[in-house]
Amino acid sequence: MGVPILESTDIKAGDSETLDDKAMAFAGECLRKVQQGGAEAVAEYAQRFGELTEGQSAVVQKAELKAAYDSLDRKDRECLDRVAARVKKFATCQRNSIKDMETDIPGGKAGHTVSPVDVAGCYAPGGRYPLPSSVIMTAATARAAGVKKVVVASPKPLPVTLAAAYVSGADVMLRIGGAHAIAALATGAYAGEGAPRADVICGPGNAWVTAAKACCATHARVGIDMLAGPSEVLVVCDETADPEVVASDMLAQAEHDVVARPILVTFSKYGKATALKHIHAVNEALDRQ
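Note that this is a predicted model, so its numbers are computed, not measured. (Residues numbered from 1 in each chain as written. Predicted model: local features only at pLDDT ≥ 70, side-chain atom pairs only at ≥ 80, totals over all residues. Heavy atoms only, no water.)

Observations concerning the pattern of salt bridges
Applying the stated rule across the entire model yields nine salt bridges. In this structure, the salt-bridge partner of Arg 74 is Glu 78, at a minimum N-O distance of 2.9 Å. Taken together, the positions of Arg 74 and Glu 78, both in helix α3 (residues 74-97) and four residues apart, correspond to about one turn of that helix. Residue Arg 74 is classed as exposed on the basis of its relative accessible area, which comes to 56%. Across the pair Lys 213 and Asp 225 runs a salt bridge, and its minimum N-O distance is 2.7 Å. Separated by twelve residues along the polypeptide, Lys 213 in helix α7 (residues 207-219) and Asp 225 in the loop between β8 (223-224) and β9 (232-237) bring together distant segments of the chain. (Salt bridge = Lys/Arg side-chain N within 4 Å of Asp/Glu carboxyl O. Helix = DSSP H or I, 4+ residues; strand = E, 2+ residues; numbered from the N terminus. Buried < 20%, exposed > 50% of the residue type's maximum accessible area, 1.4 Å probe, protein only.)

Written out as structure tokens, the structure reads:
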């Protein structure tokens, strides 16, 4: 499948709204149904979108996560272990840099404490391609922060995604995605199966996920990390740039969403032609499994 290329004249200015009205309306309705119907309402959405079969549980317990990890070949296990260790190391350093503090002031004392939440809901997209990296960057970070319970949600997870949850220290995973997954995390729809209501929900997602996070922050009293718009990257290069690095950086963002915006600014026709040639070549060579 080729990569569509747009010139700067093809791009409309100001078309960057984070929250879509249609998505917000759907997310609000979805949250209300899950608040009223719990796991049964979530399962209806999941079956509607082909994530679950009738009677199939949405919950993946830790033993199944480990089994998925054990099923991978040694090279893939080592890769996941290595990446998770890097993320945990940096996240631990970040956490240790933020200290409780107290100081004397006239009439008393002032200070702050830094305390982890009890439950973190970590969302990882997976509708088009598996993104085990998103699992690691959210769940491993939550664990390094000292969160007591880490719940991951990702639609139709492949073994590598389940394995990523295992190496990140997740306690349980929901094999569902979209607005209903966010609603399930926010309401504790699967609390009886080890996935209690999240205190905070983090992780990237499409317009439907973003809208659901906005609705849940307002109407389900759950914390969120941010409301992310379409993924963007701006690469500036000339003829001295490594074209494979340019192509990899562009495609790494393009894979996030059909509306992602990888932008190339180049100062020579040679740089443009070479970069575009490698973008197509790298895209064709990518393993999408």
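Structure shown, so let's carry the discussion forward.
A few points about the environment of Val 258
In this fold, Val 258 is placed in the loop between α8 (243-254) and β10 (261-266). The spatial distance from the C-alpha of Val 258 to the C-alpha of Val 282 is 18 Å, given a sequence separation of 24 residues.

Observations concerning the sheet that holds strand β5 (residues 149-153)
Consider a sheet: its strands pair through backbone hydrogen bonds, and that pairing is either parallel or antiparallel. Within the open sheet, the six strands sit side by side as β1-β6-β5-β4-β7-β8. Their pairing is mixed. The strands lining the two open edges of the sheet, one partner per strand, are β1 (59-61) and β8. As judged from the three bridges shared by β1 and strand β6 (residues 172-174), these two strands associate in the antiparallel manner. Residue pairing in the sheet places Val 59 in a bridge with Leu 174 of β6. Across the face of the sheet, helix α2 (residues 62-71) comes into contact with β1 and β6 while running at roughly 70° to β1. (Pairing = 2+ DSSP bridges. Contact = heavy atoms within 4.5 Å. Axes fitted to C-alpha atoms, helices over the stretch in contact; angles between N-to-C directions.)

Topic: the state of the cysteines
Covalent bonding between the sulfur atoms of two cysteines is what defines a disulfide. All chains considered together, the criterion is met by zero disulfides. There is no disulfide at Cys 93, and the cysteine sulfur nearest it, in Cys 202, is 19 Å away. A residue is classified by how much of its surface remains accessible, and Cys 93, at 47% relative accessible area, is partly exposed. Note on Cys 216: no disulfide assigned, nearest cysteine sulfur contributed by Cys 215 at a separation of 6.8 Å. (Disulfide = S-S within 2.5 Å.)

With respect to α7
Compared with the 18 Å implied by 1.5 Å per residue over 13 residues, the 18 Å span of α7 between its first and last C-alpha is a close match. Taken together, the buried positions of α7 are occupied by Val 209, Thr 210, Ala 211, Ala 212, Lys 213, Ala 214, Cys 215 and Cys 216. In this fold, the buried residues of α7 make contact with α1 (21-48), β4 (119-123), α6 (178-187), β7 (200-202) and β8. Measuring from the backbone nitrogen of Trp 208 back to the side-chain oxygen at the start of α7 gives 3.0 Å, which picks out Asn 206 as the cap. (Expected span 1.5 Å × (residues − 1). Polar contact = N/O pair within 3.5 Å; in protein donor to acceptor, adjacent residues only side chain to side chain.)

Overview of the environment of Lys 156
Its location among the elements puts Lys 156 in the loop between β5 and α5 (159-167). Each C-alpha atom of the pair Lys 156 and Glu 51 lies 5.8 Å from the other, and the pair is 105 residues apart in sequence. Once you skip the residues sitting within four places of it in the chain, Lys 156 turns out to touch Phe 49, Gly 50, Glu 51 and Arg 175.

A few points about the side chain of Glu 51
Within the secondary structure, Glu 51 is located in the loop between α1 and β1. At 6.9 Å, Lys 156 is the nearest oppositely charged side chain to Glu 51, a buried residue that forms no salt bridge. Of the polar contacts made by the side chain of Glu 51, one reaches the backbone nitrogen of Gly 177; its length is 3.0 Å. When neighbours within four sequence positions are excluded, Glu 51 is seen to be in contact with Ala 46, Gln 56, Pro 155, Lys 156, Arg 175, Ile 176, Gly 177 and His 180. (Lys, Arg positive; Asp, Glu negative; His and termini not counted.)

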